[in-house]
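Reading the structure
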Amino acid sequence: MLKILKSREALLATSWLALIAIAGIITPNFVTIPALRDLLTDLSILMVLALAQMIVILIRGIDLSVAANLAFTGMMVALLAVANPGLPTIVWPLLCIIIGTFVGMFNGLLISELKIPPIVVTLGTMSVWRGMIFVVSGGAWVVQHQFPEGYLAVPRAPIFGLTLFFWIGLLVTFCMWLMTTQTRFGRELYGMGGNPKAAEYAGVRVKHHEFWVYTLTGALSGLCGWLWTSRYAMANTDVALGFELQTVAACVIGGVAISGGAGTVIGAVFGALFLGTLYNILPVIGVSQFWQQALSGAIILIAVYFNMISRKPPVRRILPMAAAEGAEE
């Protein structure tokens with residue numbers, strides 16, 4: 001049992017495939033090629049945002065503003081696209097990443113320089129950016145017919161049978177894996193999460209890393225702003241409302257320790273795939289929204305419990321005094 005728990009990625013991959021198989025038995029239309037392609041397209045956004053959340057949890061932080069950042073950058077760029085439909089399509093994702101980066105920098109400065117707890121900072125900025133969406137849009141929606149054709153068409157373009165959405169998610173996954181496993185910066189993030197004071201004494205630039213982690217999270221959230229608005233062809237004040245909790249849940253299910261210092265990119269991705277697939281399956285098989293929330297919460301609690309027991313240190317037994325004396329003789 002413990003060996004299976006230690007191979008979290010394999011367990012999650014198997015569980016994800018089993019979930020799809022069960023859904024296919026109940027609803028055969030769920031496992032058709034077009035349906036699976038649409039599923040992977042939808043899940044790519046949660047994958048990217050879960051990876052953004054993972055790196056802040058890795059250093060004992062949290063970012064509750066990722067979904068608000070997504071919604072704000074998506075609205076800003078959607079409005080700019082409507083006003084300037086003739087600009088090249090590449091401009092829109094770049095603008096989203098730039099705006100998202102500055103939002104992340106703002107979080108990073110408050111957390112690394114002013115030492116305000118991350119949950120307080122990001123809870124505050126979550127409300128700030130949600131409010132700014134209403135300010136810049138005046139409460140109006142941007143809907144499908146208002147977007148330039150390229151804004152919606154390019155990310156939906158098929159490449160080897162899958163949309164650009166999925167390939168972007170795969171590229172981000174590879175880059176994050178490369179950063180966390182093959183670079184000094186990535187390895188030092190694990191040290192920061194395991195013991196920040198010890199990492200600082202060992203020469204890790206904790207403040208510097210903290211700032212850039214939140215900046216990177218902001219950039220990925222901004223990228224998701226473009227992915228979301230182009231996928232669903234809309235931008236409004238309620239976009240991705242509550243989505244930040246799904247990113248935390250995906251990380252926990254994927255084995256990322258809330259206490260920091262443990263977790264993998266592949267685990268977070270499979271956590272996102274499993275949770276996102278579950279959210280897609282439950283309405284199809286007729287499960288009410290209330291039961292969906294209850295079931296999702298139960299899965300998160302089970303995942304946290306498995307995380308705890310799989311990382312529980314082995315018990316060291318002390319020999320009884322009589323046995324110790326006998327050993328000496």
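What you are looking at is a predicted structure, and each value in this text was computed from that prediction instead of being measured.

Parameters and conventions
Residues numbered from 1 in each chain as written. Predicted model: local features only at pLDDT ≥ 70, side-chain atom pairs only at ≥ 80, totals over all residues. Heavy atoms only, no water. Helix = DSSP H or I, 4+ residues; strand = E, 2+ residues; numbered from the N terminus. Rg over C-alpha atoms; globule rule 2.2 N^0.38 Å. Buried < 20%, exposed > 50% of the residue type's maximum accessible area, 1.4 Å probe, protein only. Contact = heavy atoms within 4.5 Å. Areas by Shrake-Rupley, 256 points an atom, 1.4 Å probe, with all protein chains shown as cover. Salt bridge = Lys/Arg side-chain N within 4 Å of Asp/Glu carboxyl O. Patch = residues over 30% accessible without salt bridge, like charges linked within 9 Å, V, L, I, M, F, W, Y side chains within 5 Å. Arc of directions from axis to C-beta. Phe/Tyr/Trp six-rings, centres within 6.5 Å; stacked < 30°, edge-to-face > 60°. Axes fitted to C-alpha atoms, helices over the stretch in contact; angles between N-to-C directions. Parallel < 35°, antiparallel > 145°, perpendicular 65-115°, else oblique. Left-handed = near helix turned anticlockwise from the far one by under 90°. Nonpolar A, V, L, I, M, F, W, Y, C, P; charged D, E, K, R; others polar.

So, about the overall build of the protein chain. What the protein chain contains, in helices and strands, is 15 helices and two strands. Taken over C-alpha atoms, the radius of gyration comes to 22 Å for the protein chain, in line with the 20 Å a tight globule of 329 residues would show. Each principal axis of the C-alpha distribution contributes one length, and for the protein chain these read about 90 × 55 × 35 Å. For the protein chain, the residues scored as buried account for 48% of the 329 residues in total. Sequence separation of 24 or more characterises 79% of the internal contacts of the protein chain that already satisfy a separation of 6 or more. Carbon and sulfur atoms form 70% of the exposed surface of the protein chain, whose accessible area is close to 16200 Å².

Residue placement: Val 121 occurs in helix α6 (residues 118–137). Val 121 gets classed as buried once you look at its relative accessible area, which sits at 6%. Taking the C-alpha atoms as reference points, Val 121 and Phe 106, separated by 15 residues in sequence, lie 9.6 Å from one another.

To continue, consider the pattern of salt bridges. For the coordinates displayed, the defined rule picks out three salt bridges. Asp 42 is paired through a salt bridge with Arg 231; the nearest N and O atoms lie 2.7 Å apart. Pair noted here: Asp 42 is in helix α3 (residues 33–58) and Arg 231 is in helix α11 (residues 206–232), with a separation of 189 residues, a long-range link. Judged on exposure class, the residue Asp 42 and its partner Arg 231 are both buried. A salt bridge links Glu 113 to Lys 207; its shortest N-O distance comes to 3.4 Å. Remark: Lys 207 occurs in helix α11 and Glu 113 occurs in the loop between α5 (91–112) and α6; sequence separation between them is 94 residues.

Moving on, we get to a nonpolar patch on the surface. A grouping of Ile 22, Ile 25, Ile 26, Val 284 and Ile 285 is seen on the molecular surface, where their side chains present a nonpolar patch of about 480 Å² in accessible area. Of the residues forming the nonpolar patch, the biggest block, three residues, is contributed by helix α2 (residues 8–26). Structurally, Ile 22 can be placed in helix α2.

The set of residues buried in helix α7 (residues 149–156) consists of Tyr 151, Leu 152 and Pro 155. When α7 is viewed along its axis, its buried side chains cluster within an angular range of 85° and face the same direction. Elements that come into contact with the buried residues of α7 comprise α4 (66–83), α5, β2 (162–163), α8 (164–182) and α11.

So, on to helix α9 (residues 184–194). Taken as a whole, α9 has its buried residues at Gly 186, Glu 188, Leu 189, Met 192 and Gly 193. Considered in projection along α9, the buried side chains sweep an arc of 160° and stay on one side of the axis.

Quick look at unusual backbone geometry now. Excluding glycine, residues mostly carry a negative phi; peptide bonds, for their part, are mostly trans. Positive phi, normally seen in glycine, also occurs at Lys 115, with a value near 60°. Counting through the fold element by element, Lys 115 comes out in the loop between α5 and α6. Judged by its relative accessible area of 52%, Lys 115 is exposed. Positive phi, normally seen in glycine, also occurs at Phe 160, with a value near 55°. Topologically, Phe 160 is positioned in the loop between β1 (158–159) and β2.

On to the environment of Phe 174. Mapped onto the elements, Phe 174 comes out in helix α8. Note on Phe 174: relative accessible area 45%, which makes it partly exposed. Residues Phe 174 and Val 265 lie 91 residues apart in sequence; the distance between their C-alpha atoms is 8.7 Å.

Let's shift gears to the packing of aromatic side chains. What the rule picks out here adds up to ten aromatic pairs. Relative to Tyr 232, the ring of Trp 228 lies with its centre 5.0 Å away and its plane at 55°, an arrangement referred to as tilted. Placement of the pair is Trp 228 and Tyr 232 together in helix α11, with a separation of four residues, close to one helical turn. Of the residues examined, Trp 228 reaches a relative accessible area of 14% and is grouped as buried. An aromatic cluster is defined as three or more aromatic residues linked by ring pairs; in this entry it consists of Trp 92, Phe 147 and Tyr 151.

Considering the arrangement of structural elements, one finds Ser 65 in the loop between α3 and α4. Note on Ser 65: relative accessible area 1%, which makes it buried.

This brings us to the packing of α3 against α11. Contact geometry of α3 with α11 gives a least axis separation of 8 Å together with a crossing angle of 165°. With respect to their mutual orientation, α3 and α11 come out roughly antiparallel. Handedness of the α3/α11 crossing: left-handed. Contact residues: α3 offers Asp 38, Thr 41, Asp 42, Ile 45, Val 48, Leu 49, Ala 52, Ile 55 and Val 56, while α11 offers Val 213, Tyr 214, Leu 216, Thr 217, Leu 220, Ser 221, Leu 223, Cys 224, Leu 227, Trp 228, Arg 231 and Tyr 232. Within the contact of α3 with α11, the residues separate by chemical class into 15 nonpolar, three polar and three charged.

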